[in-house]
Amino acid sequence: MSIASLDLDLDVFTGPFDLLLTLVLREEIDLFELQLADVVLAYLDHLESCGQLDLESATEFIVLIAALLELKSRLLLCGDDEELLDIEPDEAAEELLARMLDARRYRAAATHLRELFDAEEGVRFRSAPLAAHLRRTTAEPTDGSQDPAVLGESIGRLLHMPAVISLRHILVPRVSVAERLTHLRGLLHRGRFTFDEAVTGADRMTVAVTVFALLELYRRGEARWDQAENFGDISVHAVSEPLRVAG
Amino acid sequence: MTDSAELAHTIEALLFLSPDPLSPRELGDAAQASEEEAAAALAQLLEEYAPGSRGLRLRELAGGYTFATDPASEDAARRLFSRPRAFTLTPAQAETLAIVAYLQPISRPEITRIRGVSADSASTLLLERGLIEEAGRSQFGAVLYRTGNLFLKLFGLRSLDDLPDVAQWDPTPEEQAELRERLLRAGEARARGGPVDEQA
């Protein structure tokens, strides 16, 4: 199925994806109001329902959504910089010339400063600080100027533990590729393992990140895998280990 | 001993004690004399400490007066303290310092824009050596820099007004015209997408 006919049901628009694009480009739909994340979610749902990934259409989708994102981010920022990008060669040359003249001016000034600095070579100044008893002010506070009770109260407040803030409502699971890499390397260390073993009891996000970690291991030449049949067990083994037929 | 000679002695002693340059007002306040009397005493001391007459010189630097050694004693001082001059200036540091000196207060991004290359390491070193110091923040939150008294002292300047007008180093109109011409040719060639045509 082509990406153009992807059906969308969004707050501001219902219909196929290509129509949405046309309307956005004709400015009949305001990009400000369009939640691009919803479009992405709709696409992911669509992918899920298809059950297979068509690289061609996925690429097309990424290109289009990236273009929309760029358009939107440009809209969100003020549009002044477009004028800057679009200057004539002679304007650009004037600008550059002014900068070069500036740079030249201060390079010459720097030479002058170095001459001054060199002329002062061999001149030394008294660098010792005044003896403590000669200074007009001392750092010591007058006796009794600080109330011990105030200090006690301040420290007391620091010792009080604030209530723990609950993070339960935040749903974003934090799984890093680095974490999963360590996990996989640990398993590899013991020999071969199946992918299912590596993600026993893990949530979807962890499984996805583990796939990335596995690809990373493959890229670094640390691990290989084989899979006898579609949707079958994926058996992972270290590269140094001689390849055996799974099962 | 006359009053003025006594005042000159007092001021000489104060100058000896202070590690920082002292202004006639500060000296007068401390010696319980007017600023004018202090200035007159300083003039007398300046004469006594004229270059060549003593091992010390009285210098007007960084908004005040201070004693400095005669450079003639530098070799001996190095043997005694076995420490040469505190530091040298690299071209990048000198350029950064010049930009700060003339355009202060100025932020790092502005220095970088003028130099065309990053000024980060140079300005960090200048900061560490106390030649420049922080002077608040710009409206965009960038730290602003200015030169401090140490800069004036080490470069033999009484104040920033002692710096010559920066416009004196501007290129001549002919040089500017030539530079502009070259830039324009390069710009047009780039706009056409071709190499620079030397015949054009």
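This one's a predicted model, so the numbers in the text were calculated from it and none came from an experiment.

Right, let's get into the sheet that holds strand β4 (residues 132-137) of chain B. All names here are of chain B. Strand order in the open sheet made by the 3 strands is β3-β5-β4, with antiparallel pairing throughout. Each edge of the sheet is formed by a strand with only one pairing partner; in this case those strands are β3 (106-107) and β4. Summarising the sheet, β3 and strand β5 (residues 143-147) pair through 2 bridges and their orientation is antiparallel. Its bridge partner lying in β5, I106 is registered against Y145.

Right, let's get into the packing of helix α2 (residues 36-50) of chain A against helix α3 (residues 55-76) of chain A. Residue and element names in this part refer to chain A. At a minimum axis distance of 11 Å, the contact between α2 and α3 shows a crossing angle of 170°. Relative to α3, the element α2 is oriented roughly antiparallel. Contact with α2, carried on its side by L36, V39, V40 and Y43, involves F61, I65, L68, L69 and K72 of α3 and no other residues of that element. By residue class, the composition of the contact of α2 with α3 is 8 nonpolar, no polar and 1 charged.

Every contact between the two is made by 38 residues of chain B and, on the other side, 36 residues of chain A. Every element with two or more residues in the side of chain B that touches chain A is listed here: β2 (64-69), α4 (74-81), α5 (91-103), α6 (108-115), α8 (149-154) and α9 (173-192) of chain B. Examining the composition of the side of chain B that touches chain A, we find that 8 residues originate from one element, α9 of chain B, more than from any other. Per-class residue counts for the side of chain B that touches chain A are 24 nonpolar, 6 polar and 8 charged.

Turning to the environment of L68 of chain A, a few remarks are in order. All names here are of chain A. Its place among the elements puts L68 in helix α3. It is 8.3 Å that separates the C-alpha atoms of L68 and L31, two residues lying 37 residues apart in sequence. If sequence neighbours within four positions are ignored, L68 has contacts with V24 and L36.

Let's shift gears to the sheet that holds strand β5 (residues 234-238) of chain A. Residue and element names in this part refer to chain A. Within the open sheet, the 3 strands sit side by side as β3-β5-β4. Their pairing is antiparallel. Strands at the two margins of the open sheet, each flanked by one partner only, are β3 (193-194) and β4 (223-227). Where β4 lies against β5, 5 bridges are found, and the strand directions are antiparallel. Paired with D226 across the two strands is S235, which belongs to β5.

Take the nonpolar core next. Counting residues in hydrophobic clusters, the biggest one holds 27 residues, and the most contacted among them are L113 of chain A together with L97, A98, I99 and V100 of chain B. Elements that contribute at least two residues to this core include exactly α5 (89-119) of chain A together with α5, α6, α7 (120-128) and α8 of chain B. The biggest single contributor to this core is α5 of chain B, with 6 residues. In this structure, L7, Y65, F67 and A68 of chain B belong to the second largest nonpolar core, which totals 15 residues.

Moving on, we get to the confidence of the model for chain A. Detailed reading of predicted coordinates is not advised where the pLDDT is low. Looking at chain A, the pLDDT average stands at 79 and 82% of residues meet or exceed 70. Within chain A, no element has a lower average pLDDT than helix α4 (residues 81-85) of chain A, which sits at 53, and none a higher one than helix α9 (residues 204-219) of chain A, at 89.

Definitions and limits used
- Residues numbered from 1 in each chain as written.
- Chains lettered and ligands numbered in written order.
- Predicted model: local features only at pLDDT ≥ 70, side-chain atom pairs only at ≥ 80, totals over all residues.
- Pairing = 2+ DSSP bridges.
- Helix = DSSP H or I, 4+ residues; strand = E, 2+ residues; numbered from the N terminus.
- Axes fitted to C-alpha atoms, helices over the stretch in contact; angles between N-to-C directions.
- Parallel < 35°, antiparallel > 145°, perpendicular 65-115°, else oblique.
- Contact = placed C-beta atoms within 7 Å.
- Nonpolar A, V, L, I, M, F, W, Y, C, P; charged D, E, K, R; others polar.
- Core = buried A, V, L, I, M, F, W, Y, C linked by C-beta atoms within 7 Å.
- Buried ≥ 20, exposed ≤ 12 C-beta atoms within 10 Å, placed from the backbone.
- pLDDT = per-residue confidence, 0-100.

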